[in-house]
Amino acid sequence: MRSGIPNDREPGDAAAAQALGVDPARIVVLDTPTDTAREAYALREFLGTEARFVLVTSASHMPRSVQHFERVGLAPIASPTHVLTGRGRPVSVDNDKIGQSH
């Protein structure tokens, strides 16, 4: 586990967080887990079960990722990325309209 340093698996995540204004001292990289299930256990060990956190991963991977974290007693707040349309192009989401009926 390191602070503020990207790891080999996700090389740009810590750097991207810093570019978005996250204080490097608040960034923790879990660099020993080798898959999502192990990440869930490692995060539970680091945060405990009461902590709130945002789970950021690709939209296609999100349902399975959430299940892994819920199985170990965590309650992630899902924040999917890389949402694709049927044509394989990214789609933008208007957060102000989420949950509104049309």
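Above this text sits the structure in question.
All of these numbers come straight from a predicted model, not from anything done at the bench. (Residues numbered from 1 in each chain as written. Predicted model: local features only at pLDDT ≥ 70, side-chain atom pairs only at ≥ 80, totals over all residues. Heavy atoms only, no water.)

Undergrad: Describe the overall build of the protein chain, listing the residues and the values that go with them.
TA: Check the secondary structure of the protein chain and you find 3 helices and 4 strands. The secondary structure elements of the protein chain, listed N-terminal to C-terminal, are β-α-β-α-β-α-β. Within the span of the protein chain, comprising 102 residues, buried residues form 22% of the whole. Sequence-distant contacts, at least 24 apart, represent 44% of the contacts inside the protein chain between residues at least 6 apart. Accessible area of the protein chain: about 7500 Å², with a carbon and sulfur share of 51%. (Helix = DSSP H or I, 4+ residues; strand = E, 2+ residues; numbered from the N terminus. Buried < 20%, exposed > 50% of the residue type's maximum accessible area, 1.4 Å probe, protein only. Contact = heavy atoms within 4.5 Å. Areas by Shrake-Rupley, 256 points an atom, 1.4 Å probe, with all protein chains shown as cover.)

Undergrad: A description of unusual backbone geometry should follow, citing residues and the corresponding values.
TA: One non-glycine residue with positive phi stands out, namely His 82, at about 55 degrees. Within the fold, His 82 resides in the segment after β4 (77–81).

Undergrad: Account for the pairing of β4, naming residues and giving values.
TA: One ladder, built from 5 bridges, connects strand β3 (residues 54–58) with β4; its direction is parallel. Within β4, the residue paired with Thr 57 across the bridge is Pro 80. Note on the crossover from β3 through helix α3 (residues 62–71) to β4: the handedness is right-handed. (Pairing = 2+ DSSP bridges. Right-handed = clockwise from strand over helix to strand, strands pointing away.)

Undergrad: Which residues make up the environment of Glu 50, and what values go with them?
TA: One can find Glu 50 in the loop between α2 (36–47) and β3. On the basis of relative accessible area, Glu 50 is assigned to the exposed category, the value being 72%. Considering only alpha carbons, one finds Glu 50 and Leu 74, 24 residues apart in sequence, at a separation of 7.4 Å.

Undergrad: Which residues make up the side chain of His 68, and what are the values?
TA: As for its position among the elements, His 68 is in helix α3. Every residue in contact with His 68, bar those within four places of it in the chain, is listed here: Thr 36, Ala 37 and Ala 40.

Undergrad: Can you explain the pattern of salt bridges? Please cite residues and give values.
TA: For the coordinates displayed, the defined rule picks out 1 salt bridge. Put simply, Arg 38 and Asp 35 hold a salt bridge, and the shortest N to O gap is 2.8 Å. (Salt bridge = Lys/Arg side-chain N within 4 Å of Asp/Glu carboxyl O.)

Undergrad: Report on the packing of aromatic side chains, specifying residues and quantitative values.
TA: One pass over the full model with this rule turns up 1 aromatic pair. Both rings, one in Phe 53 and one in Phe 69, keep their centres 5.7 Å apart while their planes meet at 55 degrees; by these two values the pair is tilted. With Phe 53 in the loop between α2 and β3 and Phe 69 in helix α3, the pair connects residues that are 16 residues apart, well separated along the chain. Across this residue pair, the class does not change: Phe 53 and Phe 69 are buried. (Phe/Tyr/Trp six-rings, centres within 6.5 Å; stacked < 30°, edge-to-face > 60°.)

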